[in-house]
Amino acid sequence: MSGKLKEVRDRIKTVQSIQQTTKAMKMVSAAELRRAQDAIQQMRPYALKLQEMLGNIIASGGSETEMELADPRPVEKVLLVVITSDRGLCGGYNSNLIKLARLRIREKYPTQFAAGSGTIMAIGKKGFEYFTKSGFRVDGSFRSLFSDLRFEEVRVAAQQVVEGYLKKDYDVVELIYSEFKNAIVQQFRAETFLPVQKSVPRTEEARGGIRADFIYEPDQTAILRELLPKILNTQFYKATLDAHASEHGARMTAMDKATENANDFLKDLRITYNRVRQAAITTELTEIVGGAAALTGR
């Protein structure tokens, strides 16, 4: 019986130790989430407006180089930029992103990946490890991007992707990431990065399809040449900020749930401990009474 009591006590200590760890991780993730949430909330309106401006300008026509980034071509080579986290313990965050990437490959690009013309650019160590082990062709140049998340580092990654597209190393580039909504909700997205998506200008929508003539100063080509790299870099940076905030939100939620589960488990263990202890005391009393009765009988 004493062995059973020791076993339950050891389990209680283990659960308490785990609970302290999950509480600490939750607090750290909450602090990181506040910073990451502020960053994406400040960036998102700017990034969306720039993307809208780019789509409107390209929809009106542009120079040959800029239009090359917007004109679709036959899809033979594919690049999927999959943005996961460096660490685990964040619930189903990484597994859902990997699942979305595999679904995208299976439903949209099965021929390209079967022929070896599909590449995964893994941002985040978890995605890099998974796709490398799974036998995919993986570009891991930026797998450690989250170890020092700065716009300058993200810009290098975005420029590499754009240069690869212009050199026709890829015919389409998609970003697979988690869009941050709040600490509990993340929306997993597959978004086309290249070719640039054309959009209908707002003035055209307002006039029921009548196209507006814009006046460009100095000229449309110069504007596109200046705006396009900034907009694509910003779009890429926004995706990484979304993913960064989503990761901390998912980890905070997972650690909060783990702490609650540890509380429930501790309650059950303490009840078990009290029952075992009560049984041990009852057994000892029975033995004492039995021994006293035996002595009295003599």
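Calculation rules
Throughout, residues of each chain are indexed from 1 in the direction in which the sequence is written. Totals for whole chains, interfaces and linings use every residue, but because this is a predicted model, local features are given only for residues with pLDDT of at least 70 and side-chain atom pairs only at 80 or more, for both listing and counting. Only hydrogens and water are set aside; all other atoms, that is, all heavy atoms of the structure, feed into the side-chain values. Helix and strand labels come from DSSP, where a helix needs a run of H or I of at least four residues and a strand needs a run of E of at least two; each type is numbered from the N terminus. Residue exposure (1.4 Å probe, protein chains only): buried if accessible area is under 20% of the type maximum, exposed if over 50%, otherwise partly exposed. It only takes one pair of heavy atoms within 4.5 Å for two residues to be counted as in contact. Between 30 and 60 degrees the pair is tilted, below 30 it is stacked and above 60 it is edge-to-face, where a pair is any two Phe, Tyr or Trp rings, Trp via its six-membered ring, whose centres lie within 6.5 Å. Per-residue confidence from the prediction method is given by pLDDT, with values spanning 0 to 100. Convention adopted: a line fitted to C-alpha atoms gives each axis, helices being fitted over their contacting stretch, and angles between N-to-C directions are expressed from 0 to 180 degrees. Angular relationships are summarised with four words: roughly parallel below 35 degrees, roughly antiparallel beyond 145, roughly perpendicular across 65 to 115, and oblique for the angles in between. Take the far helix as your reference; a near helix turned counterclockwise from it by less than a right angle gives a left-handed crossing, and one turned clockwise gives a right-handed crossing. What qualifies as a polar contact is a pair of N or O atoms within 3.5 Å, subject to a donor-acceptor requirement within protein and to the restriction that residues adjacent in sequence count only when both atoms come from side chains.

**Focus: the overall build of the protein chain**
Helix and strand content of the protein chain: eight helices and five strands. Reading the secondary structure of the protein chain in the N-to-C direction produces α-α-β-α-α-β-α-β-α-β-β-α-α. When each of the 298 residues of the protein chain is scored for burial, the buried share is 43%. Summarising the internal contacts of the protein chain: among those between residues at least 6 apart in sequence, 76% fall at separations of at least 24.

**Some words on the packing of aromatic side chains**
This model, assessed by the stated rule, comprises six aromatic pairs. Seen in terms of ring centroids, Phe113 and Phe136 are 6.1 Å apart; in terms of plane orientation they differ by 75°. Their pairing is edge-to-face. Taken together, the positions of Phe113 in helix α4 (residues 110–114) and Phe136 in the loop between α5 (125–133) and β3 (138–139) put the pair 23 residues apart, joining distant regions of the chain. Phe136 shares its class with Phe113; the two are buried. Taken together, a centroid distance of 5.5 Å and an interplanar angle of 75° make the contact between Phe193 and Phe236 edge-to-face. Of the two residues, Phe193 sits in strand β5 (residues 186–194) while Phe236 sits in helix α8 (residues 220–297), which places them 43 residues apart along the sequence. Clustering of aromatic rings is evident, with ring pairs tying together Phe113, Tyr130, Phe131 and Phe136.

**Overview of the confidence of the model for the protein chain**
Do not read the predicted coordinates in detail wherever pLDDT is low. Overall, the predicted model of the protein chain reaches an average pLDDT of 86, with 89% of residues at or above 70. Taken element by element, the predicted model of the protein chain shows its lowest mean pLDDT in helix α7 (residues 202–206) (46) and its highest in strand β1 (residues 78–83) (97).

**Details of the packing of helix α3 (residues 93–108) against α5**
Direction vectors running N to C along α3 and α5 enclose 50°, while the axes themselves pass 10 Å from each other. Taken together, the axes of α3 and α5 are oblique relative to one another. Crossing hand, α3 versus α5: right-handed. Along its contact with α3, which presents Asn94, Ile98, Ala101 and Arg102, the element α5 presents Lys126, Tyr130 and Phe131.

**With respect to the environment of Gln19**
Mapped onto the elements, Gln19 comes out in helix α1 (residues 2–59). Spatially, the C-alpha atom of Gln19 lies 5.5 Å from that of Thr259, the residues being 240 residues apart in sequence. In this structure, Gln19 is in contact with Thr259, Ala262, Asn263 and Leu266, ignoring residues within four places of it in sequence. One polar contact links Gln19 to Asn263, side chain to side chain, over a distance of 2.6 Å.

**Comments concerning the side chain of Thr234**
Its place among the elements puts Thr234 in helix α8. For Thr234, the residues in contact, after removing those within four places along its chain, are Met43, Tyr46, Ala47, Leu50 and Phe151.

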